[in-house]
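Spelled out from the first residue to the last, the chains are:
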Amino acid sequence: METLIYELIEYGCLQGLIAKEDTAYRINVLAEMLEVTGFEESYDSYLEKRKGQTQRPVAEILSDLCDRALEKGLLKEDGITYRDLFDTKLMGAITPPPGEVQRTFREFYKKSPEEATAYYYHFSKATNYIRTDRIVKDEKWVTDTEYGPIDVSINLAKPEKDPKAIAAAGQMKKSGYPACLLCRENEGYAGHLSHPARQNHRLIPVTLGNEEYFLQYSPYVYYNEHCIVLNKKHIPMKIDRSVFTKLFDFIDLFPHYIVGSNADLPIVGGSILSHDHFQGGNYTFAMARAEYEYHFTLPDYPEVKAGIIKWPMSVIRLRSKNRQQTEDASDYILNRWREYSDPSVGILNYTFTENDGPRILHNTVTPIVRMRDGEYEIDLVLRNNRTDGEHPWGIFHPTAELHHIKKENIGLIEVMGFAILPARLKKELAETERIITEGNDVIAALKENELTEKHADWVSGWIADYDASQLDGEHIHKVMQDEVGRVFVKVLECAGVYKRDEKGQAAFRRFTEGL
């Protein structure tokens, strides 16, 4: 245990988490937590013996510390939830306090926004807030499509809770603090069986639209420098004029990033609508590479270039050096879309509750902002969350025949062309590949297998397009990835309010011509 404490301290020093002057203090903090009353050798002696040796990943150090803590009875149960709570507590003991992190960030920002975010991203990984050992488990690939290369991932980084922890959490009294996973009160929070520990979590304050927000990175980083910008207040998502101002403010602060907001309505919104927040990062999404395929004018905003881009969903792109006109034009289009209906293509901006009760509004947008060649650029993705008896999941939602791959809501990240698919697919697709490579009455075999039966009809639709040599053990994985990517494109097309056929695109142009 003593050597492991020293090893974690050494790691913290090398990563810039612990100042040389603080080593003795941090050693004693860890010793108290781990009930170590003394050390047989000094830290300096330990370092002398360590010269020339490679530093282990922090995940390995923490795993060994959890093992020792379990042996000593400091860790009551052995399960991933219990271990995460315990090792985060240990990391919190070597993580600098919020004020120090914020001061360092500001010093780097004086040099450049890029240096500031590079520091903060490294810091968030070094503290194990971003568990890089789990992130690398995600399976990712790129599929070429008619809309350009599309990113696809199977999300394996989020650990599945162990049954004991789930049962124990069910017996706990709910405190309501923090109110949600995004609240600023998570910073330094000890966590419990149904809420992750955050002692190693640090936030960076930013001002957007004259309101207080905080910058952090997602602990699951789906893409490079995947950040979240959260409101200081626990208030619900709302897309209005102020959102555009805040998104453009963010881009002025961090012009090397993109930033966007989930829509503010169920079905077409994100997973957390109860807390106002944005997402962004340092990544070029497939949508950003999409080109204009139709232009229209906005007479009241002469400096704004407006058009429809070639994308499976329905996207209006505005571009201009004039930030004010771009903001104004965005708000104008949002308000026009909120009140727009076109029954010929199934778009109704509102319906009534039973007995002619209050109107239920259905139209909103998913906005994404970036800088491109010195110009402000915003993509306004038109959304509608109406349901009916035939489409209980949503009229503009993946249809039932696609649910074997994706049935969850299509949020901001996926709108931009980055599929986040459920972890179950890892096993299901591997078993599907095995059955295909065996080649014996494939469709029947798929239907008889509990893991693969849901994929049988899908496979029957494309397997004849390939000869036997393309379906052998060497090639089947790439074939499967490409076919999954094509399903994701269909998922996005389903979520588009204007379909990509002649009727749908003519209706889309009618809307833009009326602006």
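Above this text you will find the structure in question.
Report on the accompanying structure.

What counts and what doesn't
- Residues numbered from 1 in each chain as written.
- Predicted model: local features only at pLDDT ≥ 70, side-chain atom pairs only at ≥ 80, totals over all residues.
- Heavy atoms only, no water.
- Buried < 20%, exposed > 50% of the residue type's maximum accessible area, 1.4 Å probe, protein only.
- Helix = DSSP H or I, 4+ residues; strand = E, 2+ residues; numbered from the N terminus.
- Pairing = 2+ DSSP bridges.
- Expected span 1.5 Å × (residues − 1).
- Phe/Tyr/Trp six-rings, centres within 6.5 Å; stacked < 30°, edge-to-face > 60°.
- Lys NZ or Arg CZ within 6 Å of the ring centre and 35° of its normal.
- Axes fitted to C-alpha atoms, helices over the stretch in contact; angles between N-to-C directions.
- Contact = heavy atoms within 4.5 Å.
- Core = buried A, V, L, I, M, F, W, Y, C linked by side-chain atoms within 4.5 Å.
- Salt bridge = Lys/Arg side-chain N within 4 Å of Asp/Glu carboxyl O.

### Thoughts on the pairing of strand 5 (residues 227-231)
Remark: a regular strand shows side chains that alternate across the two faces of the sheet.
Consideration 1: When you tally the buried positions in strand 5, you get 5 out of 5 residues, the bulk of the element.
Consideration 2: Side chains Cys227, Val229 and Asn231 of strand 5 all project onto a buried face; the interleaved residues Ile228 and Leu230 project onto the opposite face, where all are buried too.
Consideration 3: Summarising the sheet, strand 4 (residues 211-217) and strand 5 pair through 5 bridges and their orientation is antiparallel. Its bridge partner being in strand 5, Leu215 is matched across the sheet by Val229.
Consideration 4: The pairing of strand 5 with strand 7 (residues 277-281) spans 4 bridges and is antiparallel. Paired with Ile228 across the strands is Gln279, a residue of strand 7.

### Brief notes about helix 5 (residues 80-92)
What sets the pattern is the α-helix's 3.6 residues per turn: residues three or four places apart point alike.
Consideration 1: Under the 1.5 Å per step criterion, the end-to-end length of helix 5 is 18 Å for 13 residues, consistent within 8% with the ideal 18 Å.
Consideration 2: Residues Thr81, Tyr82, Arg83, Asp84, Leu85, Phe86, Asp87, Thr88, Leu90, Met91 and Gly92 constitute the buried set of helix 5.

### Here we look at the packing of aromatic side chains
Consideration 1: Overall, the coordinates contain 35 aromatic pairs when judged by the stated rule.
Consideration 2: When the ring of Trp337 is compared with that of Tyr498, the centres are 6.2 Å apart and the planes differ by 55°; the resulting orientation is tilted. Highlighted residues: Trp337 in helix 12 (residues 323-338) and Tyr498 in the loop between helix 17 (476-495) and helix 18 (502-513), separated in sequence by 161 residues. The residues Trp337 and Tyr498 share a single accessibility class, namely buried.
Consideration 3: Taken together, Phe105, Phe108, Tyr109, Tyr119, Tyr120, Tyr121, Phe123, Tyr217, Phe250, Phe254 and Tyr257 form an aromatic cluster joined through their ring pairs.
Consideration 4: Sitting over the face of the ring of Tyr350, Arg359 holds its NZ or CZ atom 4.2 Å from the ring centroid.

### Some points on the sheet that holds strand 1 (residues 139-145)
Consideration 1: Strands sit in the order 1-2-15 across an open sheet of 3 strands; the sheet is mixed. Unpaired on one side and paired on the other, strand 1 and strand 15 (418-421) mark the two borders of the sheet. Direction aside, neighbouring strands of the sheet carry axes that sit 25° apart on average.
Consideration 2: With 7 bridges joining them, strand 1 and strand 2 (residues 148-154) adopt antiparallel strand pairing. In the strand pairing of strand 2, Val142 is matched with Asp151.
Consideration 3: Here helix 17 sits on the sheet in contact with strand 1, strand 2 and strand 15, set at roughly 70° to strand 1.

### Focus: helix 10 (residues 241-253)
Consideration 1: End to end, helix 10 covers 19 Å across 13 residues, agreeing with the expected 18 Å (1.5 Å per residue, within 8%).
Consideration 2: Within helix 10, the full set of buried residues consists of Val243, Phe244, Lys246, Leu247, Phe248, Phe250 and Ile251.

### Looking at the nonpolar core
Within soluble globular proteins, side chains that are nonpolar tend to cluster in buried spots.
Consideration 1: By size, the foremost hydrophobic cluster in this structure holds 95 residues, and its most contacted members are Leu8, Leu318 and Tyr498.
Consideration 2: Leu8 has contacts with Leu30, Val58, Ile61, Leu62, Leu65, Leu90, Met91 and Ile94, leaving out every residue within four places of it along the chain.

### Some details on the pattern of salt bridges
Consideration 1: A complete count under the given rule lists 37 salt bridges for this structure.
Consideration 2: Glu327 is paired through a salt bridge with Arg241; the nearest N and O atoms lie 3.5 Å apart. You can see Glu327 sitting in helix 12 and its partner Arg241 sitting in helix 10, a full 86 residues away along the chain.
Consideration 3: With a relative accessible area of 4%, Glu327 lands in the buried category.
Consideration 4: A salt bridge links Asp482 to Lys478; the shortest N-O distance between them is 2.7 Å. Of the two residues, Asp482 and Lys478 both sit in helix 17, 4 residues apart, roughly one turn of that helix.

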